[in-house]
Amino acid sequence: MRCAIFGCNSDNESKNFQGDIKFHTFPRKADIVTAWKIACRRKDNFNIKNAYICNKHFSENDYVRNLKHELLGYKPKNWRGLKEDAIPTLNLPGRVENPDNNNDRKQREELRIKRKNQLELIAHILTENDEQNRTNTEHDDRDNIIKAQQEKIAQLERERKAIEGIFTTAQLKKIIHPDVRPRWTIEDVSKAIILHSAGPRAYRLLLKKNLPFPAVSTLRKWLSKIKIVPGILSSIFDIIKRKEMNVRDKICILSFDEMKLRKEYTFDKADDEILSAFSYAQVVMLRGLHSKWKQPIFFGYDCKLTKSILFEIIEYVQRSGFDVVGVVSDLGGGNRSLHNELEVNENKTWFINPSNKEKIFVFADVPHLIKLIRNNFVDHGFIFNGKQIGKKIVERLTDETNKSDVSITYKISKEDLNCKDARRQKVKLATKLFSHTISCALTRCGMNGKMDGTNWQECADFFKQVND
Ligand SMILES: [Zn+2]
């Protein structure tokens, strides 16, 4: 091998080769290689892979010190020992510096520095742009995140409002902390009692589904605290007042009736007192005129409902936000004397509401009325439009219609017609008799001549009128 540097005659294959000359292969680092190539001062394109530079061109500083070798005075033959960035600087051709050359070098150096600066500048601008872009995207990202968060907050707010409309504070607490026993307010319990009364099974099912309602035992505890004493049931008003109703639903009817009681002494466990025996209880119910609800609001033992008691009840009801427009009762002796007190008769079927001076209309209990009509119809018959009508006509009708397989009078039977005792109290049987169906059946059979000899026409008209 021979030295690649121009003008160097180190060559281990020549005759005058001195053995202590070392040859170094070209390094790997690109910039160092370039420096080595320049040092060679070669004009031809030589392959650096099989080129060498001898040790004449390197200074002592270019070599790595190996203390072990130095101490042992040992130099291995192929010990390279050059530092990574060692560049040949000694015994180079054209080392004699002339000003032109120097100038040229200076120019080149200036150019190099200029280029380097340019490159640095470009690199700097590029990275700055990059950073700018990054911060821009960061800004955008942040804006988007904030926007998304704000939307989420708005959505949650809407959800919270919607939920608040349905659940009370205690219920919400129960939802958030299912294991903590919430403090139910009278509001919660009243609502729950109404819900429970609407359907105890459904209520228990809701509880099972972990819906936030007071336990049934809680309701019982509250209910047991409510004292039911004769008079106006004010605690019940506390509950029904909370029931959400519109004005229309609060228009109501008072109905009262006597409930027969067994004449015996009873023991009230909750109040620990003995109730004396009474023959009947007077119960006043409040019921919706337009919507279906009813609630007992007053009861008393062995007491006749007088005008003063009735007015007291009405005033209480009005104060609770309800509007009484009618009173319904049967025409028992006690109630007839009440009607006299109110100066209610066939010609004046109303009295003045003590609270708002509006008319309150008085009705006889309609189911009761129908029962009475039926009983009279069956027992004695009526004179209707000057003709005698009675159960014989209906019996004839059922006889006629039962001849065919499909009876058009399926609604009634002879047994129903001649019912006795307790069955006479069943309103359903009475309404079945005085129905549109039976009226039509009478007319049809009469037209077909099957009812000849009876006052079927009048009977059908009578039934129709009662039904309507
Ligand atoms: Zn050389």
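Rules of the game
Each residue is numbered by its place in its chain's sequence as written, counting from 1. Owing to the predicted nature of the model, reporting of local features is limited to residues with pLDDT of at least 70; listing and counting of side-chain atom pairs is limited to 80 or more, with chain, interface and lining totals taken over all residues. Strands are runs of DSSP state E lasting at least 2 residues, helices are runs of H or I lasting at least 4, and numbering of each runs from the N terminus. To sort residues by burial, count the other C-beta atoms lying within 10 Å of each one's C-beta; a count of 20 or more means buried, 12 or fewer means exposed, and anything in between means partly exposed. C-beta atoms are built from the backbone. UniProt positions are given in the numbering used here, feature names are shortened, and annotations may be inferred rather than shown by experiment. Here the rule is simple: two strands pair whenever DSSP picks up at least two bridges between them.

Per an unreviewed UniProt entry, the protein goes by THAP-type domain-containing protein and derives from Hypothenemus hampei.

Unlike most non-glycine residues, N210 shows phi in positive territory, near 65 degrees. Within the fold, N210 resides in the loop between α6 (200-208) and α7 (216-225). A count of 10 C-beta atoms within 10 Å places N210 in the exposed class. Non-glycine residue K357 carries a positive phi angle of around 60 degrees. With respect to the helices and strands, K357 occurs in the loop between β10 (350-352) and β11 (359-364). Assessed through the 7 C-beta atoms surrounding it within 10 Å, K357 is described here as exposed.

A word on the environment of A441. Positionally, A441 belongs in helix α15 (residues 436-447). Sequence separation between A441 and T401 is 40 residues; the distance between their C-alpha atoms is 8.5 Å.

Here we take up the UniProt feature "coiled-coil region" (unreviewed entry) in the protein. The positions that UniProt labels "coiled-coil region" (unreviewed entry) are, in the present scheme, residues 139-166. As annotated, residues 139-166 comprises 100% helix and 0% strand, and the C-alpha atoms at either end are separated by 41 Å.

Next up on the list: the pairing of strand β8 (residues 294-301). As paired strands, strand β3 (residues 231-232) and β8 are joined by 2 bridges and run antiparallel to one another. Pairing of G231 across the sheet is with F299, part of β8. The pairing of strand β7 (residues 280-288) with β8 spans 7 bridges and is classified as antiparallel. Looking at β8, one finds that Q282 is bridged to G300. Count of turn residues in the β7/β8 antiparallel hairpin: 5 residues.

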